[in-house]
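So you can see what is in the structure, the chains are spelled out below.
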Amino acid sequence: MPVITHQSFADEPLPTQDFDVIVIGSGIGGLVTATQLAAKGANVLVLESYIIPGGSSGYFEREGYRFDVGASMIFGFGDQGTTNLLTRALEAVNVKLETIPDPVQINYHLPGELQVRVHRDYEKFLQELGEKFPDEREGIRKFYDECWQVFNCLNAMELLSLEEPRYLMRVFFQNPGACLGLVQYLPKNVGEVAKRHISNPELLKFIDIECYCWSVVPADLTPMINAGMVFSDRHYGGINYPKGGVGQIAEKLAEGLQKAGGTIQYKARAKQILIENGQAVGVELTNGRVYRARRIVSNATRWDTFGKLIPEKMMPSSEKKWRKRYQKSPSFLSLHLGVEASVLTPETDCHHIIVEDWQKMEEPEGTIFVSIPTLLDPDLAPPGYHIIHAFTPSWIDNWEDLPPTEYEQKKEEAAWGIVDRLEKIFPGLDAGLDYMEVGTARSHRRFLNRDDGTYGPIPSRQLRGLLGMPFNRTAIPGLYCVGDSTFPGQGLNAVAFSGFACAHRIAVDLKLG
Ligand SMILES: NC(=O)c1ccc[n+]([C@@H]2O[C@H](COP(=O)([O-])OP(=O)(O)OC[C@H]3O[C@@H](n4cnc5c(N)ncnc54)[C@H](O)[C@@H]3O)[C@@H](O)[C@H]2O)c1
Ligand SMILES: CC(C)=CCC/C(C)=C/C=C/C(C)=C/C=C/C(C)=C/C=C/C=C(C)/C=C/C=C(C)/C=C/C=C(\C)CCC=C(C)C
């Protein structure tokens, strides 16, 4: 009998092939589902195709640098209220992470020399924005205060599965005002609320980029509930960076999962979800091994779940309808740079957004996102160096079907184009470059297993807020989805919510304590 640890690789057999729950994928959505269920006593197996946990929230190391794969601006790490879902997810399995507060969420560099810093301090932010748009001071306050109304409703209640009627009744009786407040905002988008308070077109463009930089769509398409979370939590719990890098969140959750008796297998790529008599009953890996469970959860995107893990011909009609309402957002072109510390002044902010032309904001490479995590945690780079992660939206079509040399050349050209544009904000960047690794939509597809390398679903037309986003149950009995293809969408705190909700629904279905 081999020695069994709760962390293994796909070629090592497990003592049992039967579990309560199998979770495909160890993104934050998958890990929160798994840890919540393990903490309730379920026998959980997580199957991850990569060698470490985290997915988009993973990391990689090169020449003394530890780079975050994606996520770096982290919400949900506050220490009060109910919306601090990352803090809560870690606590549930008795693990802890040190976090470092970020005093400024974003430093925006916008057309017409407009520069705005979103301070952690709400009043300071309103003051700064008001100075740029003095005639709109009142509208600015009214708009952001309305976002707080949404946040306060969420932050007043326990956040669990909206597919569980007894929970809904309970929260309604405990907090009818907050529930009715949320019901009112569920079908709304940010654009209509912003236009009620604000008329200056440039300021409305600012609200567009405030939305676009996390939802990848402008205000008219961004759900108001999500904006309530993002525009308020940054001042309430604040943006906090995990010491040791974003990858620590997944590492700690995986550790907590094992402590709670769960199992995680790496290099375990699910090939198909097994369906018997119309019900999901197990998972077959690419190495042929089969595991069975009472419930199956997919943390892969909906496009990877329905069409790959479940054959196209078995796709439920509800999924077909969903695909008409939502489309894949672009992927990113990512530059992971190591630079000499002298390139940055000590007072540089950690996160920057650069838009040079409003007309191009939504175009490929139109907006540049910059994250410099070593300003908060210097240990991520060798002494005397910083990490700059710069990324910009980019579609897979631009990178498909290129022979290797052409692909490499195109990557180089695109990367140097971004470095040139960054020079205006960080002069001396080119000369101070020590290391550069470039990832394209193809890299995101390959390493994150995300169809076309997509960042997540975006509405294909103006929808009624969050009403069209599916919850965790699917039309196939026994199969659930979790992660950014489910309510409420992209974002670590959002997928953590999806994980809490998914685990809650399954725990009720399995009658776990
Ligand atoms: N805050 C930020 O700065 C930022 C930046 C980028 C991404 N993000 C967020 O990260 C979130 C992603 O979280 P998530 O939980 O939805 O998913 P994820 O994509 O991070 O994780 C999915 C995991 O499933 C694994 N997987 C997929 N198919 C598999 C298969 N067939 N077999 C085995 N494993 C498989 C992948 O390897 C990956 O680890 C998104 O919401 C995104 O918004 C945030
Ligand atoms: C009973 C009755 C009558 C009723 C009922 C009602 C109710 C209860 C309702 C409820 C609802 C709920 C719960 C909801 C929830 C929600 C949530 C949780 C949400 C969340 C959200 C979050 C989010 C969206 C987040 C996001 C974030 C992101 C995405 C981020 C990103 C970032 C990036 C990309 C980066 C940037 C930048 C730079 C770097 C510069």
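Each value, and the rule that gives it
Residues numbered from 1 in each chain as written. Chains lettered and ligands numbered in written order. Predicted model: local features only at pLDDT ≥ 70, side-chain atom pairs only at ≥ 80, totals over all residues. Heavy atoms only, no water. UniProt positions renumbered as here; feature names shortened; annotations may be inferred. Helix = DSSP H or I, 4+ residues; strand = E, 2+ residues; numbered from the N terminus. Buried < 20%, exposed > 50% of the residue type's maximum accessible area, 1.4 Å probe, protein only. Contact = heavy atoms within 4.5 Å. Areas by Shrake-Rupley, 256 points an atom, 1.4 Å probe, with all protein chains shown as cover. Lys, Arg positive; Asp, Glu negative; His and termini not counted. Charge placed at Lys NZ, Arg CZ, Asp CG, Glu CD. Axes fitted to C-alpha atoms, helices over the stretch in contact; angles between N-to-C directions. Parallel < 35°, antiparallel > 145°, perpendicular 65-115°, else oblique. Nonpolar A, V, L, I, M, F, W, Y, C, P; charged D, E, K, R; others polar. Disulfide = S-S within 2.5 Å. Near = heavy atom within 4 Å. Salt bridge = Lys/Arg side-chain N within 4 Å of Asp/Glu carboxyl O. Polar contact = N/O pair within 3.5 Å; in protein donor to acceptor, adjacent residues only side chain to side chain. Core = buried A, V, L, I, M, F, W, Y, C linked by side-chain atoms within 4.5 Å. Expected span 1.5 Å × (residues − 1). Pairing = 2+ DSSP bridges. Phe/Tyr/Trp six-rings, centres within 6.5 Å; stacked < 30°, edge-to-face > 60°. Lys NZ or Arg CZ within 6 Å of the ring centre and 35° of its normal.

- As annotated in an unreviewed UniProt entry, the protein carries the name prolycopene isomerase and comes from Limnospira platensis NIES-46.
- The record in UniProt for the protein states the following under Pathway (unreviewed entry): "Carotenoid biosynthesis; lycopene biosynthesis."
- The protein has a UniProt comment under Catalytic activity (unreviewed entry) that states "7,7',9,9'-tetra-cis-lycopene = all-trans-lycopene".

Regarding the overall build of the protein
Okay, so step 1: Along the backbone of the protein there are 15 helices and 23 strands.
Okay, so step 2: The principal-axis extent of the C-alpha atoms belonging to the protein is close to 65 × 55 × 40 Å.
Okay, so step 3: For the protein, with 513 residues in total, the buried portion stands at 61%.
Okay, so step 4: Sequence separation of 24 or more characterises 71% of the internal contacts of the protein that already satisfy a separation of 6 or more.
Okay, so step 5: A total of about 20,500 Å² of accessible surface is found on the protein, and carbon and sulfur atoms cover 51% of it.
Okay, so step 6: Each charge class in the protein can be summarised by its mean position, and for the 52 positive and 64 negative side chains these summaries are 9 Å apart.

Focus: the packing of helix α5 (residues 165–174) against helix α6 (residues 176–185)
Okay, so step 1: α6 packs onto α5 with a crossing angle of 115° between their chain directions and a minimal axis gap of 5 Å. In terms of axis orientation, α5 runs roughly perpendicular to α6. Within the contact between the two elements, α5 uses Val171, Phe172, Phe173 and Gln174 and α6 uses Pro176, Cys179 and Leu180.
Okay, so step 2: Here the contact of α5 with α6 is built from residues that sort into six nonpolar, one polar and no charged.

Observations concerning the state of the cysteines
Okay, so step 1: Per the stated rule, a full pass over the model turns up zero disulfides.
Okay, so step 2: Cysteine cysteine 147 shares no disulfide, and the gap to the nearest cysteine sulfur, in cysteine 211, comes to 8.1 Å.
Okay, so step 3: Look at cysteine 147 and you get buried, because its relative accessible area is 0%.
Okay, so step 4: Looking at cysteine 211, it has no disulfide partner, and the nearest cysteine sulfur is the one in cysteine 213, 8.1 Å off.

Thoughts on the site of ligand 2
Okay, so step 1: Contacts to ligand 2 come from 30 residues, most closely from Met73, Val183, Trp214, His352 and Tyr455.
Okay, so step 2: Its free accessible area being 1,000 Å², ligand 2 has 92% of it covered by the protein chains.
Okay, so step 3: Broken down by secondary-structure element, the contributors of at least two residues to the shell around ligand 2 are α5, α6, α8 (201–215), α9 (224–238), β18 (351–355), β19 (367–371) and α15 (492–509).
Okay, so step 4: Take the shell around ligand 2: its biggest share by element is four residues, from α9.

Considerations on the environment of glycine 428
Okay, so step 1: Summarising the element assignment, glycine 428 is placed in the loop between α13 (404–423) and β21 (433–439).
Okay, so step 2: The residues contacting glycine 428, other than those within four sequence positions of it, are Val343 and Glu423.

What about the pattern of salt bridges?
Okay, so step 1: On inspection of all chains with the given rule, the structure shows 28 salt bridges.
Okay, so step 2: Ionic pairing is found between lysine 308 and aspartate 304, a salt bridge with its closest N-O pair at 3.0 Å.
Okay, so step 3: Here aspartate 304 falls in the buried class, since its relative accessible area comes to 8%.
Okay, so step 4: Each of Asp304, Lys308, Lys328, Asp451 and Asp452 takes part in one network of salt bridges that share partners.

Section: the site of ligand 1
Okay, so step 1: Ligand 1 sits among 32 residues. The nearest are Glu48, Ser56, Ala270, Arg450 and Gly491.
Okay, so step 2: For ligand 1, an oxygen atom lies 3.5 Å from a polar atom in the backbone of isoleucine 28.
Okay, so step 3: For ligand 1, an oxygen atom lies 2.9 Å from a polar atom in the backbone of serine 72.
Okay, so step 4: When ligand 1 is considered free in solution it has 880 Å² of accessible area, and contact with the protein chains removes 93% of it.
Okay, so step 5: Contributions of two or more residues to the shell around ligand 1 are made by α1 (28–39) and α15.
Okay, so step 6: Its residues placed into classes, the shell around ligand 1 shows 13 nonpolar, 15 polar and four charged.

Details of the nonpolar core
When a protein is soluble and globular, its nonpolar side chains tend to lie buried together.
Okay, so step 1: Residues Phe143, Tyr144, Phe206, Ile209 and Ile249 are the most contacted members of the largest nonpolar core, which totals 124 residues.
Okay, so step 2: Among the elements that line this core, the one with the most residues is α15, at 10 residues.
Okay, so step 3: Here isoleucine 209 is in contact with Tyr108, Leu110, Ile353, Val355, Trp358, Met361 and Thr367, once residues within four sequence places are set aside.
Okay, so step 4: Formed by 26 residues, the second largest nonpolar core is a distinct cluster that contains Leu333, Ala415, Val419 and Leu433.

Notes on α13
Because the α-helix completes a turn every 3.6 residues, residues three or four places apart line up on one side.
Okay, so step 1: Taking 1.5 Å as the rise per residue, α13 with 20 residues should run 28 Å; its terminal C-alpha atoms sit 29 Å apart, in good agreement.
Okay, so step 2: On its buried face, α13 is in contact with β17 (331–340), β18, β19, β20 (385–394), β21 and α14 (441–448).

A closer look at the sheet that holds strand β7 (residues 104–110)
The strands that make up a sheet pair up through hydrogen bonds in the backbone, lying either parallel or antiparallel.
Okay, so step 1: Reading across from one edge, β8-β7-β18-β19-β20-β17-β21 is the order of the seven strands in this open sheet, with mixed pairing throughout. In this open sheet, the two strands that pair with only one neighbour each are β8 (114–119) and β21. For this sheet, the mean angle separating the axes of adjacent strands, direction not counted, is 15°.
Okay, so step 2: Pairing of β17 with β21 involves six bridges; the strand directions are antiparallel. Across the sheet, leucine 335 pairs through a bridge with valine 438, a residue of β21.

Describing the packing of aromatic side chains
Each aromatic ring pair is specified by the distance between its two centres and by the angle formed by the two planes.
Okay, so step 1: In this structure the tally under the stated criterion is 27 aromatic pairs.
Okay, so step 2: In this structure an aromatic cluster arises from ring pairing among Phe60, Tyr65, Phe67, Tyr385 and Tyr435.
Okay, so step 3: Over the ring of tryptophan 399 we find lysine 410; its NZ or CZ atom is 5.4 Å from the centre of that ring.
Okay, so step 4: In this arrangement the basic side chain of arginine 442 is found over the ring face of tyrosine 407, its NZ or CZ atom lying 3.8 Å from the centre.

Topic: the environment of asparagine 155
Okay, so step 1: With respect to the helices, strands and loops of the structure, asparagine 155 is situated in the loop between α4 (137–154) and α5.
Okay, so step 2: Expressed as a C-alpha distance, the spacing of asparagine 155 and threonine 82, which sit 73 residues apart in the sequence, is 5.0 Å.
Okay, so step 3: Beyond its immediate sequence surroundings of up to four residues, asparagine 155 is in contact with Gly81, Thr82, Thr83 and Tyr236.
Okay, so step 4: Side-chain polar atoms of asparagine 155 contact the backbone nitrogen of threonine 82, separated by 2.8 Å.

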